[in-house]
Amino acid sequence: MEFVEHLLVLIHLLGLAAVIGSAVFVARGRVTRELIWGARIQVLSGLLLVALKEMGDGGLNHTKIAVKLVIGLLVVGCTEIAGARERKRSGEVSTLATSAGVLAVINAAVATLWETDES
Ligand code: HEM
């Protein structure tokens, strides 16, 4: 079970790399498949990690997780709307793609700088 948990953290970090890599470093202001799928993977792997940790020893900071979930869903929202606009070739996507990247950086900061051992 611990191995699965570590595997999920790896997937979670690869999702982070896809979103932030695309929106902040490589394809600024543009929608890429990496951006869209990275955002989906972040929320999915994050929720699975929460489930596994709750089945195990718990120890999650629920306020922090709630904040991360809200921000993670905002990232998904930005990327899905930007992706839909790109497909229809209507509406601007640059602000949405950039917002997704900035929000993902904020979520990475929340993940790493916020204390974990309070509930
Ligand atoms: C853009 C979205 C996200 C980013 C950038 C992000 C980033 C990160 C990072 C960098 C870590 C490793 C931190 C560490 O182990 O110290 C982590 C761990 C984790 N994340 Fe996320 N995350 C995101 C979304 C989510 C979501 C939506 C959830 C769940 C609702 C979630 C739940 C978790 C959990 C449970 C861990 C395991 C570490 C712990 O015990 O806190 N994450 N995340």
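Read on for a plain summary of the structure. Bear in mind the structure is a predicted one, so any value in this text is a computation, not a measurement.

Rules used throughout
Residues numbered from 1 in each chain as written. Predicted model: local features only at pLDDT ≥ 70, side-chain atom pairs only at ≥ 80, totals over all residues. Heavy atoms only, no water. Donors = N, O, S within 2.8 Å, 3.2 Å for Na, K, Ca; no water. Tetrahedral: all angles 85-135°; square planar, octahedral: opposite > 155°, others 65-115°. Helix = DSSP H or I, 4+ residues; strand = E, 2+ residues; numbered from the N terminus. Buried < 20%, exposed > 50% of the residue type's maximum accessible area, 1.4 Å probe, protein only. Near = heavy atom within 4 Å. Polar contact = N/O pair within 3.5 Å; in protein donor to acceptor, adjacent residues only side chain to side chain. Nonpolar A, V, L, I, M, F, W, Y, C, P; charged D, E, K, R; others polar. Expected span 1.5 Å × (residues − 1). Contact = heavy atoms within 4.5 Å.

Re the coordination of the iron atom of the ligand
- For the iron atom of the ligand, the full set of protein donor atoms is His-12 (NE2) and Lys-68 (NZ), at a range of 1.8 to 2.0 Å.
- Of note is the iron atom of the ligand, whose 6 donor atoms meet at the metal with angles of 82 to 179° in an arrangement that counts as octahedral. On the criterion of sequence distance, the pair formed by His-12 in helix H1 (residues 2-26) and Lys-68 in helix H3 (residues 62-88) is long-range, its members being 56 residues apart.
- We classify His-12 as buried; its relative accessible area is 15%.

A closer look at the site of the ligand
- In the vicinity of the ligand lie 19 residues, with His-12, Gln-42, Lys-68, Ala-104 and Asn-107 positioned nearest.
- Interatomic distance of 2.8 Å between a side-chain N/O atom of His-12 and a nitrogen atom of the ligand.
- Breaking the shell around the ligand down by element, the ones donating at least two residues are H1, helix H2 (33-55), H3 and helix H4 (94-113).
- At 7 residues, H2 tops the list of elements feeding residues into the shell around the ligand.
- Of the residues in the shell around the ligand, the class split is 12 nonpolar, 4 polar and 3 charged.

Re H3
- The end-to-end C-alpha distance of H3 is 39 Å, a good match for the 39 Å that 27 residues give at a rise of 1.5 Å each.
- Those residues of H3 lying buried are Lys-64, Lys-68, Ile-71, Gly-72, Val-75, Val-76, Cys-78, Thr-79, Ala-82 and Gly-83.
- Tucked into the core, H3 has its buried residues touching H1, H2 and H4.
- Positive backbone phi, approximately 55°, marks Arg-89, located one or two places after H3.

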